[in-house]
Amino acid sequence: MFSSRVASDLTPNRLSAALDRFRQAGIEFDDLTESNPTSAGLHYPARLLDALASPEALSYAPQPFGLPSARDAVVADFRRRGVAVPRDRVVLTASTSEAYSLLFKLLCDAGDDVLVPAPSYPLFDYLAALDSVRVRPYRLDHHGAWSIDIDGLKRATTDRTRAVIVVNPNNPTGSYLKRAELDALAGHCRAHGLALIGDEVFSEYVLDADLPRTCSVLAQREALTFGLGGLSKSLGLPQLKLGWMVVSGPDDLIKPALERLELICDTYLSVATPVQVGLPALLAAGASVRTQIRERVTRNYRALIAAAPRFPSVGVLQSEGGWYAVIQVPAMQTEESLVLQLLEQDRVLAHPGYFFDFPREAFLVVSLLPRPDVFDRATNRLLARVEAAE
Ligand SMILES: Cc1ncc(COP(=O)(O)O)c(C=O)c1O
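Residues numbered from 1 in each chain as written. Predicted model: local features only at pLDDT ≥ 70, side-chain atom pairs only at ≥ 80, totals over all residues. Heavy atoms only, no water.

Time to look at the domain arrangement of the protein. When cut into domains, the protein gives domain 1 (14-43 + 288-389) and domain 2 (48-285). The partner domain 2 presents 32 residues to the 27 residues of domain 1 that form the contact. Between domain 1 and domain 2, a total of about 2,700 Å² is buried, with carbon and sulfur atoms accounting for 59% of that surface. The interface formed by domain 1 and domain 2 holds three salt bridges in total. Across the pair E320 and K178 runs a salt bridge, and its minimum N-O distance is 3.1 Å. In this structure, the connection of domain 1 to domain 2 is made through eleven residue pairs in polar contact (both at pLDDT 80 or more). If you list the elements that add at least two residues to the side of domain 1 that touches domain 2, you get helix 10 (287-307) and strand 11 (324-328). Among the elements that make up the side of domain 1 that touches domain 2, the one with the highest residue count is helix 10 (eight residues). Of the residues that constitute the side of domain 1 that touches domain 2, the class distribution is 15 nonpolar, eight polar and four charged. (Domains from an automatic or database assignment. Contact = heavy atoms within 4.5 Å. Buried area = accessible area lost by both parts, 1.4 Å probe. Salt bridge = Lys/Arg side-chain N within 4 Å of Asp/Glu carboxyl O. Polar contact = N/O pair within 3.5 Å; in protein donor to acceptor, adjacent residues only side chain to side chain. Helix = DSSP H or I, 4+ residues; strand = E, 2+ residues; numbered from the N terminus. Nonpolar A, V, L, I, M, F, W, Y, C, P; charged D, E, K, R; others polar.)

This paragraph deals with the packing of aromatic side chains. One pass over the full model with this rule turns up ten aromatic pairs. Centroid distance W146 to F358: 6.1 Å. Interplanar angle 70°. Geometry classified as edge-to-face. Residue W146 is found in strand 5 (residues 146-148), and its partner F358 is found in the loop between strand 13 (351-352) and strand 14 (363-367); the two are separated by 212 residues along the sequence. The buried category is assigned to F358, whose relative accessible area is 7%. With centroids separated by 5.2 Å and ring planes inclined at 65°, the aromatic side chains of F202 and W323 adopt a geometry described as edge-to-face. (Phe/Tyr/Trp six-rings, centres within 6.5 Å; stacked < 30°, edge-to-face > 60°. Buried < 20%, exposed > 50% of the residue type's maximum accessible area, 1.4 Å probe, protein only.)

Let's shift gears to the site of the ligand. Around the ligand, the structure places S95, T96, S97, Y121, V167, N171, D199, V201, F202, S232 and K233. Interatomic distance of 2.9 Å between a side-chain N/O atom of S232 and an oxygen atom of the ligand. The protein chains hide 90% of the 400 Å² of surface that the ligand would expose on its own. Those elements that place two or more of their residues in the shell around the ligand are helix 3 (96-107) and helix 7 (231-234). Split into classes, the residues belonging to the shell around the ligand amount to four nonpolar, five polar and two charged. (Near = heavy atom within 4 Å. Areas by Shrake-Rupley, 256 points an atom, 1.4 Å probe, with all protein chains shown as cover.)

One open sheet holds the four strands; their spatial order is 10-11-14-13, and the pairing between them is antiparallel. Edge positions in the sheet fall to strand 10 (315-316) and strand 13, since each has one partner strand and no second. Direction of pairing for strand 10 relative to strand 11: antiparallel, over a ladder of two bridges. Looking at strand 11, one finds that V316 is bridged to I327. The strands touched by helix 12 (residues 372-389) are strand 11 and strand 14; relative to strand 14, the strand with the most contacts, the crossing angle is about 175°. (Pairing = 2+ DSSP bridges. Axes fitted to C-alpha atoms, helices over the stretch in contact; angles between N-to-C directions.)

Moving on: the sheet that holds strand 5. The pairing of strands in a sheet happens through backbone hydrogen bonds and is either parallel or antiparallel. Judged by pairing direction, the sheet is mixed, and its eight strands sit side by side in the order 2-9-8-7-6-3-4-5 without closing on themselves. On the outer flanks of this sheet lie strand 2 (90-93) and strand 5, each paired with one strand and no other. On average, each strand axis in the sheet is tilted by 25° relative to the strand beside it, whichever way the strands run. Where strand 6 (residues 161-167) and strand 7 (residues 195-199) come together, five bridges link them in parallel fashion. Each bridged residue has a counterpart across the sheet, and for I165 the counterpart in strand 7 is I197.

Before going further, it helps to examine unusual backbone geometry. Of note, the bond from N168 into P169 is cis; its omega dihedral lies within 30 degrees of zero at 0°. Considering the arrangement of structural elements, one finds P169 in the loop between strand 6 and helix 6 (179-192). Following E361, the chain continues to A362 via a peptide bond in cis, the omega torsion being 10°. Position of A362 relative to the elements: it lies in the loop between strand 13 and strand 14. Notably, K241 is not glycine yet its phi reads approximately 55°, a positive angle. Its place among the elements puts K241 in the loop between helix 7 and strand 9 (243-248). A positive phi angle, close to 55°, is found at R347, a residue other than glycine. Within the fold, R347 resides in the loop between helix 11 (335-346) and strand 12 (348-349). Take R347: its relative accessible area is 32%, and that puts it in the partly exposed class.

Another aspect to go through is the packing of helix 2 (residues 68-80) against helix 9 (residues 273-285). Axis separation between helix 2 and helix 9 bottoms out at 7 Å; the angle between their running directions is 25°. When the axis of helix 2 is compared with that of helix 9, the two are roughly parallel. Of the two possible hands of crossing, helix 2 and helix 9 adopt the one that is left-handed. Contacts from S69, A70, A73, V74 and D77 of helix 2 reach helix 9 at Q276, L279, P280 and L283. A per-class count over the contact of helix 2 with helix 9 returns six nonpolar, two polar and one charged. (Parallel < 35°, antiparallel > 145°, perpendicular 65-115°, else oblique. Left-handed = near helix turned anticlockwise from the far one by under 90°.)

Turning our eyes to something else, we now look at the environment of A306. In this structure, A306 sits in helix 10. The spatial distance from the C-alpha of A306 to the C-alpha of V316 is 9.8 Å, given a sequence separation of ten residues.

Here's what the structure looks like:
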């Protein structure tokens, strides 16, 4: 009866089953997978959401790409970051996840494919499947620093490939796209008629300001490009459901892309009016939350780097940006059994590397968002457990 877009086997894996048991029994644990900023003990200004109650939001004047005032607010926010974006190239969405779905509808027929980085954000498989699109991974290699396997990406391209997705900085490796990589990707996309989709939701969370990085996928005009962002990460407000994409590239491709996107967006009109009306005020008043998140993730990343040398069998991989850190651990047991042991014996939850499609075991991924006391306690337990297993 049901579509194959959703897998038929919905049995939880061992880790989800263990977590369900913990939650049902009310057993507390330190959550190093916490990626919800509203649960991380940050201070949100009490009147932050007042802007949503503006009487202006009582009238409904639907616009496929969003209200001009809200799109102007996104333009101004890009200007703050030194990027010039014309308003007619800004499209509002309910989230980055929705932006992916809109782009798959714009670019792909059922059975077409998109290239996705590995290791990276685990949701791509699900997002693509829900639009009957296939994902083909291309590798990020780690040689002290992460880099895109450009030759592998070229080999992964088929005659059904429609787009290359990059995450900048990538989740969870924290690696920013480098200028030479951007040029190679844009050239490849241009040559093969592919779009470049740049997920830049974490772009403002620089962990290591000394490393070379490009500012944005929008820094080239060769390929039809979509730069994605949103309030969920930029202001730590995932519950407001507002994201954006910026369309750039050659003029002869932008026009037909926008015409088609307008039809798709007009079919859903999914962004609520109050958040659009409130956007200029939110972007101004929410900056303090971004500052707190930046301070939090930087502090936790440095604390982890400082703690690691006491545990010689582990290595914390260098991260340039984002909300995550990657810990390499000896492959004495599977990542799954290590993560289960950490949960059951140490009351610490971390992500296994396979969740993000690392090429081999063993890696753990931890969120840098938790409160510092929780983060230090949990990472110290985690590192001690790994060291004891050696
Ligand atoms: C790389 C990446 N893109 C997008 C998202 C989700 O963004 P949104 O809440 O706007 O859908 C996440 C969430 O963790 C993410 O890690």
